[in-house]
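Understanding the architecture of this molecule
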Amino acid sequence: MIQGCLREAALSRGDLTDSEWRILDPLLPNRGERGPAIADKRRTVNGILWVLRTGAPWRDMPERYGNWNSVFVRFTRWSKLGVWDAAFETLASLGPPADKEHAIDSTIVRAHQHAAGVKGGIRRAKRSGARAAASRPKSTSARMPKVTR
């Protein structure tokens, strides 16, 4: 019991806790198509989650999660195999824990200022030549008096 508490205390912010890992671990493969079993699967998953959470490039992943390229390759292979989709479906079917349920109201979701329209803006229909000729001009230029010396 004390060992579990010490392990959770040593985790970085955002890393999977022991209880979260007990749920996620069986949903992930223990080995790849070839080669030995994954040495520290939890550390690899924490590295993947760090990159996805921060949006940082893979190369900027902290060394405590292992070699960035190995973590990236594992993430890519699992993505192609559908491991993440299957894990998400299983986790979603379990439902949220009673104390962790969240709701998102559309009034608090904000879009980027450039997300408002399509490239090129709103297109307006061009007026036909006949309609333009029949309509009153929007502005007229005043005649300039001729200056004579």
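Residues numbered from 1 in each chain as written. Predicted model: local features only at pLDDT ≥ 70, side-chain atom pairs only at ≥ 80, totals over all residues. Heavy atoms only, no water.

Focus: a nonpolar patch on the surface
Taken together, the side chains of I23, L91 and L94 make up a nonpolar region of the molecular surface, amounting to roughly 270 Å² of accessible area. Note on placement: L91 falls in helix α5 (residues 83-94). (Patch = residues over 30% accessible without salt bridge, like charges linked within 9 Å, V, L, I, M, F, W, Y side chains within 5 Å. Areas by Shrake-Rupley, 256 points an atom, 1.4 Å probe, with all protein chains shown as cover. Salt bridge = Lys/Arg side-chain N within 4 Å of Asp/Glu carboxyl O. Helix = DSSP H or I, 4+ residues; strand = E, 2+ residues; numbered from the N terminus.)

Concerning the pattern of salt bridges
Enumeration over the complete set of coordinates arrives at 2 salt bridges. A salt bridge links R42 to D18; its shortest N-O distance comes to 2.7 Å. Here D18 lies in helix α2 (residues 18-24) and R42 lies in helix α3 (residues 41-54), a separation of 24 residues in the sequence. Note on accessibility: R42 and D18 belong to one class, buried. The partner of K41 in a salt bridge is D25, with the nearest N and O atoms 2.8 Å apart. Of the two residues, K41 is situated in helix α3 and D25 in the loop between α2 and α3; the sequence distance between them amounts to 16 residues. Residue classification places D25 among the partly exposed positions, given a relative accessible area of 27%. (Buried < 20%, exposed > 50% of the residue type's maximum accessible area, 1.4 Å probe, protein only.)

Some details on α5
Spanning 12 residues, α5 covers 17 Å between terminal C-alpha atoms, matching the ideal 16 Å at 1.5 Å per step. Remark: G95 follows α5 within two positions and exhibits a positive phi of approximately 80°. (Expected span 1.5 Å × (residues − 1).)

Here's the deal with helix α4 (residues 68-81)
Every α-helix carries 3.6 residues per turn, so stepping three or four residues along brings you back to the same face. Spanning 14 residues, α4 covers 20 Å between terminal C-alpha atoms, matching the ideal 20 Å at 1.5 Å per step. Those residues of α4 that sit buried are V71, F75 and W78. Considered in projection along α4, the buried side chains sweep an arc of 70° and stay on one side of the axis. Looking at α4, the residues exposed on the side facing more than 90 degrees away from the buried face are K80 and L81. (Arc of directions from axis to C-beta.)

Looking at the packing of aromatic side chains
This structure, assessed with the given rule, holds 4 aromatic pairs. Ring plane angle 40° and centroid distance 6.1 Å describe the contact between F75 and W84, whose orientation is recorded as tilted. Here a set of aromatic residues connected by ring pairs shows up, and it is made of W58, F72, F75, W78 and W84. (Phe/Tyr/Trp six-rings, centres within 6.5 Å; stacked < 30°, edge-to-face > 60°.)

Here we look at the nonpolar core
L16, W21, L24, L28, I38, V45, W78, V83 and A87 form the largest nonpolar core, which has 9 residues in total. Looking at this core, the elements with two or more residues in it are α2 and α5. I48, W58, M61 and F75 belong to the second-largest nonpolar core, a separate cluster that totals 8 residues. (Core = buried A, V, L, I, M, F, W, Y, C linked by side-chain atoms within 4.5 Å.)

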